[in-house]
Amino acid sequence: MPHSFLVIDDSKLHHQMYRLIFSRGALAGSTVHYATNGREGYGLLAAHPELTLVLLDLNMPEMNGLEVLERRRAEGLHPHIPIVLVTTEGSAEDEARGRSAGAWEYLRKPFQPADVEHLVMRALAKAEPIA
Ligand SMILES: [Mg+2]
């Protein structure tokens, strides 16, 4: 089954990195949606209940990553979709706030392609229905 991802990040450089990661190996053929701020990203999250995983940058204009998580929780939007909060500093405080707002996992910038691939595999294992 082809996978579907959502990248919400204001950095065009990171969009390019994700584009590369999601075009190779087991992830080749994946559908990837891109947003450059939290507001746009929230709209795409609402429109795509089939998403395998969301990569959500913390620091963004319009709505930041924490605001996206908090709104999603308040509205009960697609709670089954795992969201990875991508942080720069990776401060314990940001991580705790993200966790309590509903982040499934963390990814710290700068990251390696293998870090993203590992998170995707974990999300897929989590989503697998029990036969
Ligand atoms: Mg950013």
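Note that the structure is a prediction, hence the values are computed from the model and not measured.

## Overview of the pairing of strand β1 (residues 4-8)
Then, number 1: Burial of β1 is extensive: four of the five residues sit out of reach of the surface.
Then, number 2: Summarising the sheet, β1 and strand β2 (residues 31-35) pair through five bridges and their orientation is parallel. Opposite Ile8, over in β2, you have Ala35 as the bridge partner.
Then, number 3: Of the strand pairs in this sheet, β1 and strand β3 (residues 53-57) are connected by four bridges, and their pairing is parallel. By the bridge assignment for β3, Phe5 is matched with Leu53.

## What to know about the nonpolar core
Then, number 1: Ranked by size, the top nonpolar core spans 27 residues in total, and within it Ile8, Leu53, Val54, Leu55, Leu56, Ile83 and Val84 carry the most contacts.
Then, number 2: Among the elements of the structure, β1, α2 (38-47), β3, α3 (65-75), β4 (83-87) and α5 (113-127) are those that each provide at least two residues to this core.
Then, number 3: Apart from residues no more than four positions distant in its own chain, Val54 is found in contact with Leu6, Ile8, Leu45, Ile81, Ile83 and Val84.

## Description of the environment of Arg73
Then, number 1: Mapping Arg73 onto the fold places it in helix α3.
Then, number 2: Those residues in contact with Arg73 that sit more than four places away from it in its chain are Ala101 and Gly102.

## Some remarks on the sheet that holds β2
Then, number 1: Read across the open sheet, the five strands follow the order β2-β1-β3-β4-β5; overall the sheet is parallel. Here the strands that pair on one side only, and so sit at the sheet edges, are β2 and β5 (105-108). Across the sheet, the mean angle separating the axes of adjacent strands is 20 degrees when strand polarity is ignored.
Then, number 2: Lying on the sheet, α3 is in contact with β1, β3 and β4; it crosses β3 at an angle near 135 degrees.
Then, number 3: The sheet strands contacting α5 are β3, β4 and β5, and the helix crosses β5 at an angle near 170 degrees.

Rules behind the numbers
Think of each chain on its own: its residues are numbered from 1, step by step along the sequence as written. Since the coordinates come from a predicted model, pLDDT governs what is reported: local features require at least 70, and pairs of side-chain atoms require 80 or more to be given and counted, while whole-chain, interface and lining totals use all residues. Burial is judged by counting other C-beta atoms within 10 Å of a residue's own C-beta: 20 or more means buried, 12 or fewer means exposed, and anything between counts as partly exposed, with every C-beta placed from the backbone. Secondary structure is summarised from DSSP: a helix means a run of H or I of at least four residues, a strand means a run of E of at least two, and numbering begins at the N terminus for each. The rule for pairing is simple: two strands pair if DSSP sees at least two bridges between them. Each nonpolar core comprises buried Ala, Val, Leu, Ile, Met, Phe, Trp, Tyr and Cys residues, the members being joined through C-beta atoms within 7 Å. In this description, a residue-residue contact is defined by the distance between C-beta atoms placed from the backbone, which must lie within 7 Å. Between N-to-C directions, angles cover 0 to 180 degrees, with each direction set by a line fitted to C-alpha atoms, over the stretch in contact for helices.

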